[in-house]
Amino acid sequence: MTLLKVNNLSKEFGGVRAIDDLSFTINPGTIHSIIGPNGAGKTTLFNLITGVYTPTTGSVIYDDEGVTGFKPYELASRGMSRTFQNLQIFFNMTAIENVMVGAHLHLNRSFISSFFGLPSIKAGDANCRETCLELLDFVGLLEYADTDTDSMPYGALKRLEIARALATKPKILLLDEPAAGLNPAESRDIDEVIKKVASRGITVVLVEHDMKMVMEISDHILVLDYGRKLTEGTAQEVRNNPDVIAAYLGG
Amino acid sequence: MMNLKSPRTGGLLALIVVICLLPLFLDNAFHYEIAILIAFNAIVCVGLNLLIGYGGQISLGHGAFVGLGAYASAILTMNQGWNPLLSLLAGAIFTGFLAFIIARPILKLKGHYLAMATLGMGIIISIVLNTEDQHTGGPDGMYVDGLAFMETQMYWYWFVGALLTFSVWASLNLIHSPIGRALRAVHGSEVAAEVVGVDTTRFKVMIFVVSAVFASVVGSFGAYYSNFVTPDIAGFFHSIELVVMVVFGGMASTFGAVVGAAILTILPQVLTFLHDYEHLVFGLILMLTMIFLPKGLVPSIAGLFKRGDKK
């Protein structure tokens with residue numbers, strides 16, 4: 001039983017192979033980390049899986065369906081969501097509104113009802129606000145609910161992205177460097193949030209540079225180098241692999 | 001549920017009060033003329049603000065949609081003998097359809113490129129209206145019968161006042177709905193909107209069409225009100241004027257669009273006493289406002305009050 005299967009995936013940017021013939025699978029209900037030195041192609045891989053980029057060759061199978069070349073919103077409706085390494089917050093909205101956009105697919109989007117402000121829209125929104133407040137509470141941001149996002153601290157925005165992604169009710173959540181730029185205390189908070197997400201039965205795919213965090217929470221680790229798979233396995237297996245040590249320390 | 005302190009219901013009530021009390025201060029037909037003109041411009045701006053302010057997409061061609069509505073009404077009533085309201089409806093449907101066709105390819109563009117494309121679209125439509133003179137009367141324009149049941153200017157005043165109130169109300173409804181949030185998300189970050197399930201192209205197209213239909217309906221009523229249409233209405237300057245109203249009043253603020261339309265419609269009339277220096281002062285006022293209130297009039301002033309509240 002696999003949730004996500006990547007087959008011989010490649011992506012070229014004008015002759016540079018950012019991802020080179022990569023294959024791996026992700027099982028449901030696990031925390032799956034992808035690590036590798038800078039420029040190894042981790043974010044490119046995320047963009048390929050979530051439909052932000054189209055692969056040059058190869059395929060992505062999600063939930064037994066070929067989804068190669070699907071648009072991100074089509075994948076979102078199938079239960080795939082993600083966060084971004086460089087924040088992609090809707091800075092023109094408050095925190096709770098950001099999360100409520102995440103619930104977009106689960107709300108009434110009829111134009112006529114919205115235009116005339118029918119009660120069904122208002123009831124749906126009131127309901128959605130409650131659910132989203134719970135999600136803000138879940139990531140520890142309840143106090144910021146009605147704050148404009150442009151006056152929130154960086155660490156809080158990182159967690160806000162996770163809450164927004166959770167509002168889509170994902171089966172699989174891809175987190176691109178959730179701890180990047182955070183201090184150790186904030187990093188531990190994120191750590192806790194990720195564990196709590198996984199304990200809800202959501203499959204987590206994690207790109208992260210914080211090795212302590214990766215080694216501690218991952219069920220499975222995939223190591224990339226120059227767009228190719230260097231090795232994969234449990235934390236213990238990866239830690240002792242001489243190729244991994246060489247890639248990180250040079251040699 | 002009525003919360004008077006919320007900007008939504010409070011603002012709407014304020015607008016209704018202004019529309020109801022304004023006749024006390026309007027002395028003559030010219031004053032009413034300006035008030036009606038303000039309402040027409042404000043309705044277009046409320047629609048355009050959905051596209052520019054909330055959706056974050058620029059259009060330098062919305063004057064053309066006003067023109068299409070106006071000419072659809074003029075041609076269908078005068079040349080084809082259609083019922084005026086039916087002509088208005090046909091004009092709105094045609095304009096909406098045309099906007100839909102144009103929107104898909106055009107809204108793939110961003111920033112300057114989108115500005116150029118919409119500019120080009122507006123100019124093409126304006127050229128067509130100018131050159132198809134067997135139907136449109138060419139640069140001289142054409143005469144349009146009014147609406148028989150709109151007997152006096154006062155009728156028009158109350159009618160456009162109601163129409164403006166309705167469009168503000170509908171615009172606020174739209175903004176405070178999942179569709180409105182999706183639209184603002186498109187403005188905030190397209191890629192983030194996509195990964196949470198927002199089909200960004202669909203929403204951009206939708207709001208482009210909605211704003212075009214707003215413009216077309218105003219064009220039709222404007223033609224019936226003034227009994228005359230000229231191609232100027234579809235021209236580049238009118239398009240720019242509409243965008244300036246939205247930006248001046250404050251983007252992403254429905255009431256900003258109304259205030260912007262009101263001030264920029266009145267200002268040139270007030271400044272006429274300056275004779276030759278009129279345009280100079282007009283430009284200067286625009287420049288200074290944007291330098292000192294870069295978010296536009298209404299959001300900047302609302303911001304001041306917010307800060308005041310906290311003290």
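So, how was this worked out
Residues numbered from 1 in each chain as written. Chains lettered and ligands numbered in written order. Predicted model: local features only at pLDDT ≥ 70, side-chain atom pairs only at ≥ 80, totals over all residues. Helix = DSSP H or I, 4+ residues; strand = E, 2+ residues; numbered from the N terminus. Rg over C-alpha atoms; globule rule 2.2 N^0.38 Å. Buried ≥ 20, exposed ≤ 12 C-beta atoms within 10 Å, placed from the backbone. Contact = placed C-beta atoms within 7 Å. Nonpolar A, V, L, I, M, F, W, Y, C, P; charged D, E, K, R; others polar. Domains from an automatic or database assignment. pLDDT = per-residue confidence, 0-100. Pairing = 2+ DSSP bridges. Axes fitted to C-alpha atoms, helices over the stretch in contact; angles between N-to-C directions. Expected span 1.5 Å × (residues − 1). Core = buried A, V, L, I, M, F, W, Y, C linked by C-beta atoms within 7 Å. Right-handed = clockwise from strand over helix to strand, strands pointing away.

Trainee: Just checking my understanding: could you explain the overall build of chain A for this structure?
Mentor: Helix and strand counts for chain A stand at ten helices and ten strands. Taken against the 2.2 N^0.38 rule, which gives 18 Å for 251 residues, the C-alpha radius of gyration of chain A at 19 Å falls within 12% of a compact globule. Here chain A holds 251 residues, and the buried ones make up 43% of them. Here the contacts in chain A between residues at least 6 apart in sequence split such that 66% fall between residues at least 24 apart.

Trainee: I tried to follow the overall build of chain B on my own but got confused; where do I start?
Mentor: In terms of helices and strands, chain B carries 14 helices and two strands. The C-alpha radius of gyration computed for chain B amounts to 19 Å, which stays within 12% of the reference 19 Å derived for 311 residues, consistent with globular compactness. Here chain B, with 311 residues, has 49% of them falling under the buried criterion. A separation threshold of at least 6 residues defines the contact pool for chain B, and within that pool the share at least 24 residues apart is 76%.

Trainee: In this structure, what is going on with the interface of chain A and chain B? I would like to understand it.
Mentor: Listed per partner, the contact involves 33 residues of chain A and 24 residues of chain B. Those elements giving two or more residues to the side of chain A that touches chain B turn out to be α2 (72–76), β6 (80–82), α3 (95–102), α4 (111–115) and α6 (154–166) of chain A. The dominant element in the side of chain A that touches chain B, judged by the number of residues it contributes, is α3(A), at four residues. Among the residues making up the side of chain A that touches chain B, the classes are represented as 17 nonpolar, eleven polar and five charged.

Trainee: Would you explain the domain arrangement of chain A in this entry?
Mentor: Interface size, as often reported, equals the accessible area lost upon joining of the parts. All names here are of chain A. The domain architecture assigned to chain A consists of domain 1 (1–79 + 170–251) and domain 2 (91–168). Using only C-alpha atoms to locate each centre, domain 1 and domain 2 end up separated by 27 Å. Residue-level contacts link 14 residues of domain 1 with twelve residues of domain 2. Looking at the side of domain 1 that touches domain 2, the elements that each hand over two or more residues are β7 (172–176) and α7 (184–199). Ranked by the residues each element gives to the side of domain 1 that touches domain 2, the list is headed by α7, at six residues. Of the residues belonging to the side of domain 1 that touches domain 2, the class tally is nine nonpolar, two polar and three charged.

Trainee: Can you help me understand unusual backbone geometry in this one?
Mentor: Peptide bonds are trans in most cases, and residues, glycine excluded, mostly fall at negative phi. Residue and element names in this part refer to chain A. With a phi close to 55°, Asp 63 is a non-glycine residue in the positive phi region. Within the secondary structure, Asp 63 is located in the loop between β4 (57–62) and β5 (65–66). Notably, Asp 64 is not glycine yet its phi reads approximately 65°, a positive angle. Its place among the elements puts Asp 64 in the loop between β4 and β5. Residue class for Asp 64 comes out exposed when judged on the 9 C-beta atoms lying within 10 Å of it.

Trainee: Where do I start with the confidence of the model for chain A in this structure?
Mentor: On average, residues of chain A carry a pLDDT of 92, and 99% of them reach 70 or more. α3(A) holds the highest mean pLDDT among the elements of chain A, 97, whereas helix α10 (residues 242–249) of chain A holds the lowest, 80.

Trainee: Looking at this structure, how should I read the sheet that holds strand β2 (residues 16–26) of chain A?
Mentor: Hydrogen bonds along the backbone pair up the strands of a sheet, which may run parallel or antiparallel. Residue and element names in this part refer to chain A. The strand order across the open sheet formed by four strands is β2-β1-β4-β5, and the pairing between neighbours is antiparallel. Strands at the two margins of the open sheet, each flanked by one partner only, are β2 and β5. In this structure, strand β1 (residues 4–13) lies alongside β2, joined through seven bridges in antiparallel fashion. Looking across to β2, one finds that Leu 9 is bridged to Leu 22. The sheet strands contacting helix α1 (residues 42–49) are β1, β2 and β4, and the helix crosses β2 at an angle near 65°.

Trainee: What's the story with the sheet that holds β7(A) in this structure? I'm lost.
Mentor: Residue and element names in this part refer to chain A. Taken in spatial order, the six strands line up as β6-β7-β8-β3-β9-β10 in an open sheet, and their pairing is mixed. One side of each edge strand has no neighbouring strand; the edge strands of this open sheet are β6 and β10 (228–233). Taking each pair of neighbouring strands and ignoring which way they run, the sheet shows an average axis angle of 20°. By the bridge criterion, three bridges tie β6 to β7 in an arrangement that is parallel. Pairing of Arg 82 across the sheet is with Leu 174, part of β7.

Trainee: How should helix α11 (residues 236–249) of chain B be read in this particular structure?
Mentor: Each full turn of the α-helix corresponds to 3.6 residues, which orients residues three or four apart in the same direction. The terminal C-alpha atoms of α11(B), which comprises 14 residues, lie 20 Å apart, in line with the 20 Å expected from a rise of 1.5 Å per residue. One or two residues past the end of α11(B) sits Gly250(B), with phi positive at roughly 125°.

Trainee: Quick question: what am I supposed to make of the nonpolar core here?
Mentor: Within soluble globular proteins, side chains that are nonpolar generally end up buried alongside one another. By size, the foremost hydrophobic cluster in this structure holds 162 residues, and its most contacted members are Ala163(A), Ala42(B), Val44(B), Cys45(B) and Val246(B). Among the domains, domain 1 (1–79 + 170–251) and domain 2 (91–168) of chain A are the pair contributing at least three residues each to this core. In contact with Val246(B), other than residues within four places in its own chain, are Cys45(B), Leu48(B), Asn49(B), Ile52(B), Gly53(B), Met251(B), Ala257(B) and Gly260(B).

Trainee: In this structure, what is going on with the confidence of the model for chain B? I would like to understand it.
Mentor: Fine structural detail should not be taken from predicted coordinates in areas where pLDDT scores are low. Looking at chain B as a whole, its pLDDT mean stands at 92, while 96% of the residues score no less than 70. Overall fold confidence (pTM) sits at 0.92, and the ipTM for the predicted complex is 0.91.

Trainee: How should I be thinking about the pairing of β7(A) in this particular structure?
Mentor: The side chains of a regular strand alternate between the sheet's two faces. All names here are of chain A. Of all five residues in β7, five are buried, a share of seventy percent or more. Burial along β7 is two-sided: Ile 172, Leu 174 and Asp 176 and Leu 173 and Leu 175, pointing in opposite directions, are all buried. With five bridges connecting them, β7 and strand β8 (residues 203–207) associate as parallel partners. Residue Leu 174 lies in a different strand from β8, and its bridge partner there is Val 205. Running through α7, the crossover from β7 to the neighbouring parallel element β8 is right-handed.

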